[in-house]
Amino acid sequence: MVRWSSVLIVVGVVIVLFTSGGYGNKKSGNRVQELRTDIVHVDAINRSEKKERPPVAFYHDLHTDALGGNKEGCGSCHTSFSQKRKQSDKLSVSGTFDFISADAAGKEQRMKAYHQKCIGCHTDLLSKNTDAGPLTCSGCHIENNKVKSSAVSGRFDKSLHQRHVDGLGKSCQSCHHQYDKVSKKLYYKKGREGSCSYCHLENPSNPNPTELTFKEASHLQCVVCHETRIKTGKKAGPVRCEECHDRSARQNVAKARHIDRLDMGQRDFTMMKNELNPMPGLMKNRMDWVPFDHKNHETKNQSCRVCHHKELKSCVSCHTVQGSPKGGNFNLEYVMHQSGSTRSCSGCHELKRKTADCNGCHSFDVNWVKDERKNCVQCHVANQLLPDEKAQAAAIIDAKIKANQICKDWKVPERIVISKLEKNYQPVVFPHKKIVNALCGKINKNRMSQYFHHEKSTLCMGCHHNSPATANPTACSNCHSGTDKTKGGKPGLLGAYHIQCMECHSEMKIRQPESCTACHKEKKKR
């Protein structure tokens, strides 16, 4: 299957480019390495003895360009589909990206097959006074080849999917399909569209020679379609490695002006549950239920596979409370709270907070941050499921966001004069309200921030980190001594002020003061 949200058009072979987009150099030790995106390392005989020659670094785009006028297209080099899978009629697709026949099973047979096709083609071109590749062994089998791959994954994101939807007239069946194991045929079923990687695995643990891997499926589906459209004079996507796998080329791909939301029957809001079909009115088991804004999360990710990494089903269908083999024996609690993982709620939120807008407060490893990680009630807020859980979840989330009035009619000091350490410099006039308003602005432009900052005290804790959660926090000097000495790992007042202010500037990418007098003017000498 091919799914807009996550299709990785991973070229089965690792590839570099002959044009400016996919070609470059970089230093590795004392050597300069050539970088390409169209490199295919041909090691068909599995170099098991030292006397064997090294693998061939095959430049795919170079050959694609050279054979561009050949009517056979990919078929100029690649064998037919039926040759590889003649024992199975699983797919009714013509063409494949095998270079030699599956019948060439032995080492000598594979070597002979490659030499016949490659050297034979080179010889034929030279006989026609056309530029061609080498004929000698050392011309292809190069020891210590300095050419390295710079290819990146050819991800299929929302924008690229939208362009395909528009270009193919919303013909979903052009790419998406299911497989009927009884009839051994492909068919299309509306509402069952999904990522091709859900069925075609990148690295299957038990490879089946009659099934397509992910890179085979994506090339057959994408490159063959593009080539077919080119032959019929239609607008088409790329057939060269560089255009999908070169980093700079991918950055220049035109973006869709508008991206439609794909309707897979998903709810805008739902309650995160610990079982698939709980009865309405069910009371909590161990923790309160979690309201979830699914529609908003869709807009924040380029792929549904960020969360739905195996199939488009609820998390609890694989990750049960106890854990099950289907979910790799990782239970629901673990996968939802796994630190650093983009697939878990807690892990993803942690990564989102590491932006310049958030890091001024969230980079400090102080008590309120530590407590926040354990603060279950921020998310677990519903002790009972209502019959209409969509409405229930929406009401809880909207109530918290609407309660975010921390900058409205909030009487905070305009300025604060910091004179505790006044000596060589005049007191610091701290623009308190200006900074509070700036932080409020950042919070109010982000829905996740609004949800978690609905109380005034939450914002105050960014600076007053060890003070009780109150709108009138204690002064810094209540905890930090009036000297510049550190006691018990706690900085003195001078250090505390400078760490708090300067690190915040650094983490939030705010221009640092160029000198001491930028914050506190120097006293006039008597």
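Keep in mind that what you see is a predicted model, and the values were worked out from it rather than measured.

Asker: Just give me the short version of the nonpolar core, but keep the residues and values in it.
Answerer: Soluble globular proteins tend to bury their nonpolar side chains together. Counting ten residues, the largest nonpolar core is built from Phe-269, Met-271, Trp-289, Ala-382, Leu-385, Ala-393, Ala-394, Ile-397, Ile-401 and Tyr-451. Residue assignment for this core shows that the elements contributing at least two residues are β8 (269–272) and α14 (389–402). Looking at which element gives the most residues to this core, the answer is α14, with four residues. Ignoring sequence-local partners within four residues, the contact set of Ala-393 consists of Phe-269, Thr-270, Met-271, Pro-291 and Phe-292.

Asker: Let's hear about the pairing of strand β9 (residues 290–293): which residues, and what values?
Answerer: The alternating pattern of β9 places Val-290 and Phe-292 on one face and Pro-291 and Asp-293 on the opposite face, and all of these are buried. The pairing of β8 with β9 spans four bridges and is antiparallel. Counted as the bridge partner of Met-272 is Val-290 from β9.

Asker: Run through the pattern of salt bridges, naming residues and quoting values.
Answerer: Within the structure shown, the criterion is met by 18 salt bridges. Of the charged contacts in the structure, one is a salt bridge between Asp-61 and Arg-240, with a shortest N-O distance of 4.0 Å. Here Asp-61 is found in helix α1 (residues 60–66), whereas its partner Arg-240 is found in the loop between α6 (214–231) and α7 (241–245), with 179 residues between them in sequence. Of the two residues, Asp-61 and Arg-240, both sit in the buried class. Between Asp-124 and Lys-128 there is a salt bridge, and its shortest N-O distance comes to 3.3 Å. Beyond isolated ion pairs, a larger network of salt bridges with shared partners links Asp-61, Asp-65, Arg-240 and Glu-242.

Asker: Could you give an account of the packing of aromatic side chains, with specific residues and numbers?
Answerer: All told, the structure shown has two aromatic pairs when counted by the stated rule. Aromatic pair Phe-330 and Tyr-334: ring centres 5.3 Å apart, planes at 15 degrees, arrangement stacked. Relative to Phe-452, the ring of Tyr-451 has its centre 5.0 Å away and its plane inclined at 75 degrees; by these criteria the two rings are edge-to-face. Residue class for Tyr-451 comes out buried when judged on its relative accessible area of 9%. Cation over ring: Arg-36 sits above Tyr-59, and NZ or CZ is 4.2 Å from the ring centre.

Asker: Would you mind going over the side chain of Gln-178 in detail, with residue names and values included?
Answerer: Within the secondary structure layout, Gln-178 lies in strand β6 (residues 178–180). In this structure Gln-178 comes out as buried when scored by relative accessible area, which is 9%. There is a polar contact of 3.0 Å between the side chain of Gln-178 and the backbone oxygen of Arg-192.

Asker: So, the environment of Val-335: which residues are in play, and what are the values?
Answerer: Within the fold, Val-335 resides in helix α10 (residues 332–337). You can call Val-335 buried: its relative accessible area is 14%. Spatially, the C-alpha atom of Val-335 lies 8.9 Å from that of Cys-315, the residues being 20 residues apart in sequence. Those residues in contact with Val-335 that lie beyond four places of it in its chain are His-319, Phe-330, Arg-343, Ser-344 and Cys-345.

Asker: Account for the state of the cysteines, with residues named and values stated.
Answerer: Applying the stated criterion across every chain, the model contains zero disulfides. Here Cys-137 is not cross-linked by a disulfide; its sulfur's nearest cysteine counterpart is in Cys-140, at 8.6 Å. Not part of a disulfide, Cys-304 finds its nearest cysteine sulfur in Cys-307, a span of 8.5 Å.

Asker: Can you explain unusual backbone geometry? Please cite residues and give values.
Answerer: Residue Asn-144 is not a glycine yet carries a positive backbone phi of 55 degrees. With a relative accessible area of 65%, Asn-144 lands in the exposed category. Not every positive phi belongs to a glycine, and Lys-509 is a case in point at roughly 60 degrees. Tracing the backbone shows Lys-509 in the segment after α18 (493–507).

Asker: Let's hear about α18: which residues, and what values?
Answerer: Taking 1.5 Å per residue as the helical rise, α18 with its 15 residues ought to reach 21 Å, and the 21 Å between its terminal C-alpha atoms agrees with that figure. Buried within α18 are the following residues: Leu-493, Ala-496, Tyr-497 and Gln-500. Down the axis of α18, the buried set is contained in an arc of 100 degrees. They therefore lie on one face. Looking at the packing, one finds that the buried side of α18 touches β10 (416–418). Downstream of α18 by one or two residues, Lys-509 has phi in the positive range, about 60 degrees.

Asker: Would you mind going over the confidence of the model for the protein in detail, with residue names and values included?
Answerer: On average, residues of the protein score 80 in pLDDT, and 81% of them are at 70 or above. Summarising per-element confidence for the protein, the mean pLDDT is lowest in helix α2 (residues 81–84) (41) and highest in β9 (94). Scored below 50 in pLDDT, residues 25–32 makes 13 contacts in the model with residues more than four places away or belonging to other chains. Considering only residues more than four positions removed or in separate chains, one finds that residues 81–95, a stretch of pLDDT under 50, has 32 contacts.

Reading the values: rules and limits
- Residues numbered from 1 in each chain as written.
- Predicted model: local features only at pLDDT ≥ 70, side-chain atom pairs only at ≥ 80, totals over all residues.
- Heavy atoms only, no water.
- Core = buried A, V, L, I, M, F, W, Y, C linked by side-chain atoms within 4.5 Å.
- Buried < 20%, exposed > 50% of the residue type's maximum accessible area, 1.4 Å probe, protein only.
- Helix = DSSP H or I, 4+ residues; strand = E, 2+ residues; numbered from the N terminus.
- Contact = heavy atoms within 4.5 Å.
- Pairing = 2+ DSSP bridges.
- Salt bridge = Lys/Arg side-chain N within 4 Å of Asp/Glu carboxyl O.
- Phe/Tyr/Trp six-rings, centres within 6.5 Å; stacked < 30°, edge-to-face > 60°.
- Lys NZ or Arg CZ within 6 Å of the ring centre and 35° of its normal.
- Polar contact = N/O pair within 3.5 Å; in protein donor to acceptor, adjacent residues only side chain to side chain.
- Disulfide = S-S within 2.5 Å.
- Expected span 1.5 Å × (residues − 1).
- Arc of directions from axis to C-beta.
- pLDDT = per-residue confidence, 0-100.

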